[in-house]
Amino acid sequence: MSAIKYPGARRDDSAIDDYHGTKVPDPYSWLEDPDGEETKAFVEAQNKITVPYLEKCAVRKQFQARLKEMWDYPKYGCPFKRGSRYFYYYNTGLQNQSVLYVQDSLDAEAKVFLDPNKFSEDGTVSLRGSAFSEDGEYFAYGISKSGSDWVTIKFMKVAGAEQLPDTLEYVKFSCMSWTHDHKGMFYNRFPEPETKADGTETTANLHQKLYYHVIGTDQSKDVLCGEFPDHPKWMPGAEVSDDGRYVILAIREGCDPVNRLYYCDLQTVDHKVTGVLPWVKVADNFDAEYEYIANEGTVFTFKTNLNAPRYKLINIDFSKPEMDQWTDLVPESETDVMEWSACVNEDKLVLCYLHDVKTELYLHELKTGKRVTTFPLDIGSVVGYSGRKKDSEIFYQFMSFLTPGVIYHCDLTKDKLEPTVFRQIKVKDFDPSGFQTDQVFFTSKDGTKVPMFIVYKKGIPMDGSHPVLLYGYGGFNISITPSFSVSRIVFMLHLGGILAVPNIRGGGEYGEIWHKAGTKEKKQNVFDDFQCAAEYLIENKYTSAAKITINGGSNGGLLVGACVNQRPDLFGCAVSQVPVMDMLKFHKFTIGHAWTTDFGCSDDKEGFDYLIKYSPLHNIKKPTDSVVQYPAILLLTGDHDDRVVPLHSLKFMAQLQHTMGSDPQQTNPLFIRVDTKSGHGFGKPTAKVIEETSDIYAFIAENVKLEWRDK
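Residues numbered from 1 in each chain as written. Predicted model: local features only at pLDDT ≥ 70, side-chain atom pairs only at ≥ 80, totals over all residues. Heavy atoms only, no water.

**Some details on the overall build of the protein chain**
Part 1 of the reasoning: Scanning the protein chain for helices and strands turns up 10 helices and 39 strands.
Part 2 of the reasoning: Taking 27 Å as the expected radius of gyration for a compact globule of 711 residues, we find that the protein chain reaches 26 Å, a close match to that expectation.
Part 3 of the reasoning: Counting only C-alpha atoms, the protein chain reaches 75 × 60 × 50 Å along its principal axes.
Part 4 of the reasoning: The buried share of the protein chain, taken over its 711 residues, is 60%.
Part 5 of the reasoning: Considering only residue pairs separated by 6 or more positions, the protein chain has 58% of its internal contacts joining residues 24 or more positions apart.
Part 6 of the reasoning: When the accessible surface of the protein chain is summed, it comes to about 28,100 Å², and 49% of that surface belongs to carbon and sulfur atoms.
Part 7 of the reasoning: Distance from the positive charge centre (78 side chains) to the negative charge centre (98 side chains) of the protein chain: 3 Å. (Helix = DSSP H or I, 4+ residues; strand = E, 2+ residues; numbered from the N terminus. Rg over C-alpha atoms; globule rule 2.2 N^0.38 Å. Buried < 20%, exposed > 50% of the residue type's maximum accessible area, 1.4 Å probe, protein only. Contact = heavy atoms within 4.5 Å. Areas by Shrake-Rupley, 256 points an atom, 1.4 Å probe, with all protein chains shown as cover. Lys, Arg positive; Asp, Glu negative; His and termini not counted. Charge placed at Lys NZ, Arg CZ, Asp CG, Glu CD.)

Below, the structure written as structure tokens:
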């Protein structure tokens, strides 16, 4: 028998769903009720075996102590100017939440403006989204409890940091954009839910509307500016143009990089928002994405992927908005992906590109689109930027696998543009020169070349003996660029680990073609890429299968779930965080319906046919080879995760323990850790992050048999 006694879970054999004539059992569908007594008992029983196991793991105490010690370094964000003042976020080291500071000039004394650590005793109430009025005298900010996507918007007067009574509820996935008369702000809210709205519910989020809130009034008086009752999934985000004259409306329906483009000239309503605005439709379809960058009068610059999978900048003159009048300002690059653009110093554009997953930063002319200069950067990522059209300076923050952060400042009024180091972030007792980062290209199953970063301690012998943390995501057009992680440094420094990050398909690393190659019926490419990355690491003597831990979260948690089913022999350990596991039902809960743009949907016969092939919940089976077992598995979720609801993890673990738990071959543990007052990950307090990360690495060390080394 397996050494671990798992708690049994009731199987309801009468729960069978019919998908286009195919009967699919769903014996643990009762776990979809987060408030059910049985669900609560299941969670408690799982935590009762997981928590003691994690606490007993040999290296847990050492890892946590070292992680806490290294985590305790000052973390800064880029300063940004609003009105006459500068603001920046700063964390002294171990504060649960970063604090917003204000200063009258870059040389003046900085004072605390808003400290989110005071929102709650345990740090589980966090700041989520904020917006200053154009004159910098009013501040709107969102508050999220226990990591939920639900936000309450509050307001402050900037002078004297005075709290105002205005409060906006039922806000989620909202824009926040002030009119330039400083009287009010556009935002989004959902209809008041019939049941609760605290982040533990699973109800679908539909019928988001656009409202305008006037400072000093009750939310019940807010003006409805846009609604689309015939399209319950539409999400309309508003942005006021730099000159304050126009409201740009970008309507999205899912997670694809596409949106409808409408606008309203506020002069036509005498700059008074009193009802649904007279929207003018520029692009009334979901063919491409249009992101507002700047405008000079009626000539608007947008970043778009229209016939440009790697993105370009175009000009649309709203006085003659027909598509055949649109012109390219900065054409699509033949090799690089335009990640973002910003207008600065009235007539310049900052453009950020991705070249083989490495960031490049340029300055262009707004009028002609011509390149003016290149900002020098090491190999890594720009993770922060500030600078708007009215600003004559920019700040940008650089990070890499071995660089915790450098903030640069550049004064654009000077004849010679020379960025200077504004702040260098240092981690005590860490010498990056002892490590190296390589980028390799491996061949996937269908012959596609896929890039991968590999980070390790210099001078280690390539003898197949090293533990590897293989991290992946592969979806939603998201690029996984180099970033600094203290826990990964501790893993390399004290557990002899190697970090491997393959940039698999489904991401945005090479533009929309790369993204689409990992979606819907092509999703298997993502899993193949990840498995081929593991095989490359084994073939090139970095590691062996038993020493590989795969890790991912959310869509990356789905990646881990699919890969352990398809190739249990290829990994020694798997850590799946807040994963999507039930691919037949995901669209029924909270915001899941928005993911059908990447995944497809089981409501369609074609969608069902490819989803059932890899859905992690539906493909758990005993390995045919009698000597193969599932790798050691740790799932992590939170009771307030209303992005990817916990039922995905609960059902998967119930099914996995049912199938493998009593198999004498399955000696590797199959565990789930359900955290309380915890969501999808955003705004998670530092104390919780350290706790959870220590659990993860202790589990890895225990199961791939790693010993702590002091250096």
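Additional details are given in the paragraphs that follow.
**What about the pattern of salt bridges?**
Part 1 of the reasoning: Counted according to the given criterion, the structure contains 45 salt bridges.
Part 2 of the reasoning: Lys-688 is the salt-bridge partner of Asp-675, the closest N and O atoms lying 3.2 Å from each other. With Asp-675 in strand β39 (residues 670-675) and Lys-688 in helix α10 (residues 686-703), this pair connects stretches of sequence that are 13 residues apart.
Part 3 of the reasoning: Here the residues in one salt-bridge network are Asp-17, Asp-26, Glu-32, Asp-582, Lys-585 and Lys-651, joined through shared partners. (Salt bridge = Lys/Arg side-chain N within 4 Å of Asp/Glu carboxyl O.)

**Re the layout of surface pockets**
Rolling a probe over the atoms, with the probe sized like a water molecule, indicates the empty space that remains.
Part 1 of the reasoning: What the second largest pocket holds in volume is close to 330 Å³.
Part 2 of the reasoning: At the level of elements, α1 (37-56), α9 (647-660) and β39 are the ones that each hand at least two residues to the lining of the second largest pocket.
Part 3 of the reasoning: In terms of residue count, the dominant contributor to the lining of the second largest pocket is α1 (4 residues). (1 Å grid on protein atoms, 1.4 Å probe; cavity = no way out; pocket = protein on both sides within 12 Å on 5 of 7 lines; lining within 4 Å. Points joined across faces, edges and corners; volume = space filled by probe spheres on them.)

**A look at the sheet that holds strand β13 (residues 184-189)**
Part 1 of the reasoning: Spatially, 4 strands are ordered β12-β13-β14-β15 in an open sheet, and the strand pairing comes out antiparallel. Taken across any chain shown, the strands that pair with only one partner, and hence form the sheet edges, are β12 (176-178) and β15 (223-226). Geometrically, the sheet is characterised by an average inter-axis angle of 30° between neighbouring strands, direction not taken into account.
Part 2 of the reasoning: When strand β14 (residues 209-214) meets β15, the two strands line up antiparallel, connected through 3 bridges. Bridge assignment links Leu-210 to a residue of β15, and that residue is Gly-226. (Pairing = 2+ DSSP bridges. Axes fitted to C-alpha atoms, helices over the stretch in contact; angles between N-to-C directions.)

**Structural notes on the environment of Thr-195**
Part 1 of the reasoning: Position of Thr-195 among the secondary structure elements: in the loop between β13 and β14.
Part 2 of the reasoning: Since its relative accessible area comes to 54%, Thr-195 is described here as exposed.
Part 3 of the reasoning: Thr-195 sits 55 residues away from Ala-250 along the chain, and the two C-alpha atoms are 29 Å apart.

**Description of the packing of aromatic side chains**
Part 1 of the reasoning: Applying the stated criterion to the full structure yields 56 aromatic pairs.
Part 2 of the reasoning: With centroids separated by 4.9 Å and ring planes inclined at 10°, the aromatic side chains of Phe-63 and Tyr-697 adopt a geometry described as stacked. Remark: Tyr-697 occurs in helix α10 and Phe-63 occurs in helix α2 (residues 60-71); sequence separation between them is 634 residues.
Part 3 of the reasoning: By relative accessible area, which is 6% here, Tyr-697 ends up buried.
Part 4 of the reasoning: Chaining the aromatic ring pairs together yields one cluster made of Phe-80, Phe-87, Tyr-89, Phe-113, Phe-119, Phe-132, Phe-139 and Tyr-141.
Part 5 of the reasoning: Here Arg-260 stacks its cationic end above the ring of Phe-286, 4.4 Å away from the centre of that ring.
Part 6 of the reasoning: Above the plane of the ring of Tyr-311 lies Lys-303, whose end atom (NZ or CZ) is 4.1 Å from the centre. (Phe/Tyr/Trp six-rings, centres within 6.5 Å; stacked < 30°, edge-to-face > 60°. Lys NZ or Arg CZ within 6 Å of the ring centre and 35° of its normal.)

**Considering helix α6 (residues 555-566)**
In an α-helix, one full turn covers 3.6 residues, which means residues spaced three or four apart are oriented alike.
Part 1 of the reasoning: Across its 12 residues, α6 extends 17 Å between first and last C-alpha, which sits within 8% of the 16 Å expected from 1.5 Å per residue.
Part 2 of the reasoning: Asn-555, Gly-556, Gly-557, Leu-558, Leu-559, Val-560, Gly-561, Ala-562, Cys-563, Val-564 and Asn-565 are the residues of α6 that are buried. (Expected span 1.5 Å × (residues − 1).)

**Quick look at the state of the cysteines**
Part 1 of the reasoning: Evaluation of the coordinates by the stated rule reveals 0 disulfides.
Part 2 of the reasoning: We note that Cys-78 lacks a disulfide partner, and the nearest cysteine sulfur, in Cys-352, lies 12 Å from it.
Part 3 of the reasoning: The exposure class assigned to Cys-78 is buried, which follows from its relative accessible area of 10%. (Disulfide = S-S within 2.5 Å.)

**Examining the packing of α1 against α9**
Part 1 of the reasoning: At a minimum axis distance of 12 Å, the contact between α1 and α9 shows a crossing angle of 65°. Crossing handedness for the pair α1 and α9: left-handed. Residue-level inspection shows Thr-39, Phe-42, Val-43, Gln-46 and Ile-49 of α1 in contact with α9, the latter providing Leu-650, Met-653, Ala-654 and Gln-657.
Part 2 of the reasoning: Residue composition of the contact of α1 with α9, by class: 6 nonpolar, 3 polar and no charged. (Left-handed = near helix turned anticlockwise from the far one by under 90°. Nonpolar A, V, L, I, M, F, W, Y, C, P; charged D, E, K, R; others polar.)

**Brief notes about the nonpolar core**
Part 1 of the reasoning: If you look at the biggest cluster of nonpolar residues, it comprises 119 residues, and the most contacted ones within it are Met-452, Leu-470, Ile-550 and Phe-599.
Part 2 of the reasoning: No other element matches helix α5 (residues 524-539), which puts 8 residues into this core.
Part 3 of the reasoning: Cys-225, Leu-249, Leu-266 and Leu-277 belong to the second largest nonpolar core, which has 19 residues in total. (Core = buried A, V, L, I, M, F, W, Y, C linked by side-chain atoms within 4.5 Å.)

**Quick look at unusual backbone geometry**
Part 1 of the reasoning: Not every positive phi belongs to a glycine, and His-207 is a case in point at roughly 60°.
Part 2 of the reasoning: Turning to its location among the elements, His-207 is positioned in the loop between β13 and β14.
Part 3 of the reasoning: In this structure, Asn-307 is a non-glycine residue whose phi angle is positive, near 55°.

**Let's talk about the pairing of strand β5 (residues 85-91)**
Part 1 of the reasoning: Within β5, 6 of the 7 residues are buried, which leaves the element mostly enclosed by the surrounding structure.
Part 2 of the reasoning: Sheet topology note: the strand β4 (residues 80-82)/β5 ladder contains 3 bridges and is antiparallel. Each bridged residue has a counterpart across the sheet, and for Lys-81 the counterpart in β5 is Tyr-86.
Part 3 of the reasoning: Joining the antiparallel neighbours β4 and β5 is a turn of 2 residues, in which Gly-83 adopts a positive phi near 65°.
Part 4 of the reasoning: In this structure, β5 lies alongside strand β6 (residues 99-103), joined through 5 bridges in antiparallel fashion. Residue Phe-87 lies in a different strand from β6, and its bridge partner there is Val-102.

Don't take any of this as a statement about function, it's just geometry.
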